[in-house]
Every structure is written in C-alpha cells, then in structure tokens.
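# Fold and geometry: a report
The residues making up each chain are set out below.
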Amino acid sequence: MKRWTVIGTFTIFFILICFLINASNSGKVLKVATRQSPPFSFKDSTGEWKGLSIELWKEIADNLNYEYKFYETTLTDFLKGLSEKKYDVGVAGITITSEREKILTFSQPFISSSLGIAYLQDENPWMDVLKKFLSFTFLKIIFLLIAVLLLAGFGVWFFERKKNEEFSGKPHTGLGSAFWWAAVTMTTVGYGDKSPRTVGGRIISLIWMFMSVIILTSFTAAFVSSLTIASEGEKVTLTSIKNHKIATIKNSTADKALRKNDITPIYFNTCEEMITALDKAKVKYIIYDLPMLRYYGIKLGDNYEIIKLSKYRQDYGLAAQIGSDILKQVNIQLLDIIHTANWREIEKTYLGDWASDFEEH
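Residues numbered from 1 in each chain as written. Predicted model: local features only at pLDDT ≥ 70, side-chain atom pairs only at ≥ 80, totals over all residues. Heavy atoms only, no water.

### Brief notes about the packing of aromatic side chains
Within the structure shown, the criterion is met by 12 aromatic pairs. Between Phe 42 and Tyr 295, the ring centres sit 5.7 Å apart and the planes meet at 35°, which makes this aromatic pair tilted. Here Phe 42 is found in strand S2 (residues 42–43), whereas its partner Tyr 295 is found in helix H11 (residues 290–297), with 253 residues between them in sequence. Ring plane angle 90° and centroid distance 6.2 Å describe the contact between Phe 110 and Trp 343, whose orientation is recorded as edge-to-face. Remark: Trp 343 occurs in helix H13 (residues 341–351) and Phe 110 occurs in the loop between strand S6 (104–106) and strand S7 (111–120); sequence separation between them is 233 residues. Residue Trp 343 is classed as buried on the basis of its relative accessible area, which comes to 1%. Ring pairs connect the aromatic residues Trp 49, Trp 57, Tyr 66, Tyr 68 and Phe 70, which therefore count as one cluster. (Phe/Tyr/Trp six-rings, centres within 6.5 Å; stacked < 30°, edge-to-face > 60°. Helix = DSSP H or I, 4+ residues; strand = E, 2+ residues; numbered from the N terminus. Buried < 20%, exposed > 50% of the residue type's maximum accessible area, 1.4 Å probe, protein only.)

This is how it looks when you write it as structure tokens:
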C-alpha cells in the first residue's frame, strides 16, 4: 500500500510539472523577426505577412501550438536582434552561412538556390558596339597598332633610303612610302609597287610579315567580337561588371561575395529599392539572392535579364538565437512538411515556373 502511495505521488507530481511547462509554453508569445524579402516574406495589400518562409512557419507553429507575433526588421536588425535575444525566431529569406552560424543557430534548409545578377538590356544593342569603338581600350589598341606599323616602316626606310629609289628622296616622302609598304604588307594586300632590296630591309620585312599575321589575327578577333551582338547573359560575370555601379543589400551573402571579389557595391535596404534604382539607371546591375530577383523580374518586363551564379550556392532556413530549444521541435516539423504534396503546391505558388533554379531537400 505504501509503495502504491509513493508511485501515485510521483505520478501526480510528474503530471503537474508537465502541466506547468505546457501552461508556460502556451502562455508565451514568440517574437518572430521577419522582413520584406519576397517570395519568402512580404506583406500583402491587407498588411498580412505572406511568403514561402511565412507559410512554412505558420504550419509549424500551428502543429506545435505556438503563439507568436511578427516584428518587421531590416536585415541588420534581423541578425543583430536574434543574436541579442531580442527575438525568438527569424523567419524570412535568410541564407545559412558560416559567419551567421557564429552568432545564430539555423534550422535544416528547406530550399537551396544561388546568387543572381539582374540588369536591364539596352533597347538598342548597337549602341553597345558604338560605345566599344569609342572606348579608351579600343582606341588604345588602334594607337598601338599604328605605332607598331610606323616602327616597321621606319626600320625598312632606314635600310632602304640610300639604296632603293622606292624609299629614297626627302625623308617625309621615303617614310611615307615605307609606312605604305608596312600597311599593305600587314593587311596581306601586297600591291608589289614597293619592296625592300637590302639585306637589312628584307630581314625587317620577314619579321614584319610574321608579326603581321599574329597582329592581324588578334585584331580581327577583337574587332569581330565587338561587332557581334551576343547574348548579354553569356558574358556578364562578376569580373566583367566590376567597374560598373552594382546594387546589393549590406551584410547579405551577395555583399560578402562582392567584397571577396574586390567590388564595392552601392547599398540599399530592400530589393524593391534596388529594382527602382535599376529602373531609373542609378545602378547598372543588382547582385542578390536569385529567388528574390526572379520574383521581381516580371515588374520590369522582357528587358529585365537575370543570370544564375551557380558557384554561389544559397541554403535557406529559419533562424534562432544560439542555445534556443525551439529549433529541435521546429526541425522535426519542417522535415515532415517539405516532403508533402501541399508544400510543393506552396512552392509553386511563390516560385512559379522557376523550379529549375531551386533544389528541394
């Protein structure tokens, strides 16, 4: 009898403890940090938070009976607020990086993508060609070509001026003939109206013929490349756009990638601000998360081009303060949810026809 009394007492005590814990959890309203980062999190016309991450969190919270309240933040406040325990959970388009793992803890990733480059194509692509011809680089090539041509002509004139009437006469006449010879030889026209006869002149001629083949081939390739209206997407890289005005958001993974490539961007607070700056030609390119660039792509029409930077993989997850006991239960729910047919429908709603850009987990 005494034994059963002890067991009963412990049972009642255990039930009471569980009740108190549940009561404590149910009474706590979680502070959920979020921000404008479509298609992961954004406010609709009624002011309600929507998006891929928001839908995921709502289902998780519903399954776990969590009470919560959304707090709108910037990216900087999002990261700082979570690390300083100002918020309990972070739900937005937040990527998992090694730097952020030092101050936060993350859930399992629920989707993977990459960085992207966005820009507006010029309405008249031939203007790009004209700009190339007027560029300092192109004019420098022309100048160097003329300089080498003049050097070859001078060399022939130096050896031929006293022994070959075709290059003799007054210096300006002889040099003019020598330069003419160098030009027709380089272009393989070779009229034959002038030709070196001295040993020195012929040695210079032989060297110039071989050099001309190399120079002309290289110049022709550069010339054709400038005239070819190729797809902008095939030539736009972080290296090729380095000297242009580039927009991104401070402390984002895109910002880190740019700084790693010695590129100083122009900072904006939201993706919408960057799109507006691009539309008004205040910046030439946007480097940011590919899903967000895809989401905004329809706003600028067919001229809005987007390139996927596969090298820069992005894993998206939910975030919390280090030591949080919330994410263990969240992860269990998350892994169950993202393998359901309902989740695939949610993805389609927010990601549209860009399934090839993303990887499921």
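From this point on, the discussion continues.
### Remarks on the environment of Leu 238
Its location among the elements puts Leu 238 in the loop between helix H8 (199–227) and strand S8 (246–249). You can call Leu 238 buried: its relative accessible area is 9%. Linking Leu 238 and Ile 117, residues 121 residues apart in sequence, is a C-alpha distance of 8.5 Å. When residues no more than four places from it in sequence are discounted, the contact partners of Leu 238 are Ile 117, Leu 258, Asn 261, Ile 263, Ile 287, Leu 309 and Tyr 312. (Contact = heavy atoms within 4.5 Å.)

### Some thoughts on the sheet that holds strand S9 (residues 266–268)
What the 5 strands build is an open sheet, ordered S9-S8-S10-S7-S11; its pairing is mixed. A strand with exactly one partner marks an edge of an open sheet, and here the two such strands are S9 and strand S11 (304–316). Sheet twist, expressed as the average angle between the axes of neighbouring strands with direction ignored, equals 25°. Alignment of S7 against strand S10 (residues 285–289), held across 4 bridges, turns out to be antiparallel. For Ala 118, the partnering residue across the bridge sits in S10 and is Ile 286. Sitting on the sheet, H11 is in contact with S7, S10 and S11, with an inclination near 150° to S11. (Pairing = 2+ DSSP bridges. Axes fitted to C-alpha atoms, helices over the stretch in contact; angles between N-to-C directions.)

### Some points on the nonpolar core
Nonpolar side chains in soluble globular proteins tend to be buried together. Judged by nonpolar contacts, the single largest core of 75 residues is most densely connected at Leu 52, Trp 57, Phe 110, Ile 117, Leu 238, Ile 286 and Tyr 288. Grouped together as the second largest cluster of nonpolar side chains are 12 residues, Leu 149, Trp 157, Phe 167 and Met 186 included. (Core = buried A, V, L, I, M, F, W, Y, C linked by side-chain atoms within 4.5 Å.)

### Let's talk about the packing of helix H2 (residues 52–64) against H13
Where H2 meets H13, the closest approach of the two axes is 9 Å, and the angle between their N-to-C directions is 155°. Accordingly, the angle class assigned to the pair H2 and H13 is roughly antiparallel. Every pair of crossing elements has a handedness; the one defined by H2 and H13 is right-handed. Contacts between H2 and H13 involve Leu 52, Glu 55, Leu 56 and Glu 59 on the former and, on the latter, Asn 342, Trp 343, Ile 346, Glu 347, Tyr 350 and Leu 351. Of the residues belonging to the contact of H2 with H13, the class tally is 6 nonpolar, 1 polar and 3 charged. (Parallel < 35°, antiparallel > 145°, perpendicular 65-115°, else oblique. Left-handed = near helix turned anticlockwise from the far one by under 90°. Nonpolar A, V, L, I, M, F, W, Y, C, P; charged D, E, K, R; others polar.)

### Comments concerning the confidence of the model for the protein
Confidence in the prediction of the protein, expressed as mean pLDDT, is 79, and 78% of residues score 70 or more. Looking at the elements of the protein, mean pLDDT is at its lowest for helix H1 (residues 2–27), recorded as 48, and at its highest for strand S5 (residues 89–90), recorded as 96. Contacts from residues 229–234, a stretch scored under 50 in pLDDT, to residues over four places away or in other chains number 10 contacts. (pLDDT = per-residue confidence, 0-100.)

### Considering the environment of Ala 183
By the element assignment, Ala 183 lies in helix H7 (residues 171–186). With a relative accessible area of 24%, Ala 183 lands in the partly exposed category.

### Overview of the environment of Ile 103
For Ile 103, the position within the fold is in the loop between helix H4 (98–101) and S6. Here Ile 103 falls in the partly exposed class, since its relative accessible area comes to 37%. Sequence separation between Ile 103 and Lys 80 is 23 residues, and the spatial gap between their C-alpha atoms is 8.6 Å. Contact partners of Ile 103, with chain neighbours within four places excluded, come to Leu 79, Ser 83 and Ile 322.

### Comments concerning the sheet that holds S6
Within the open sheet, the 5 strands sit side by side as S4-S1-S5-S12-S6. Their pairing is mixed. At either margin of the open sheet sits one strand with a lone partner, and together these are strand S4 (67–72) and S6. Note: strand S1 (residues 29–34) against S4, 6 bridges, orientation parallel. Within S4, the position partnered with Leu 30 by the bridge is Tyr 68.

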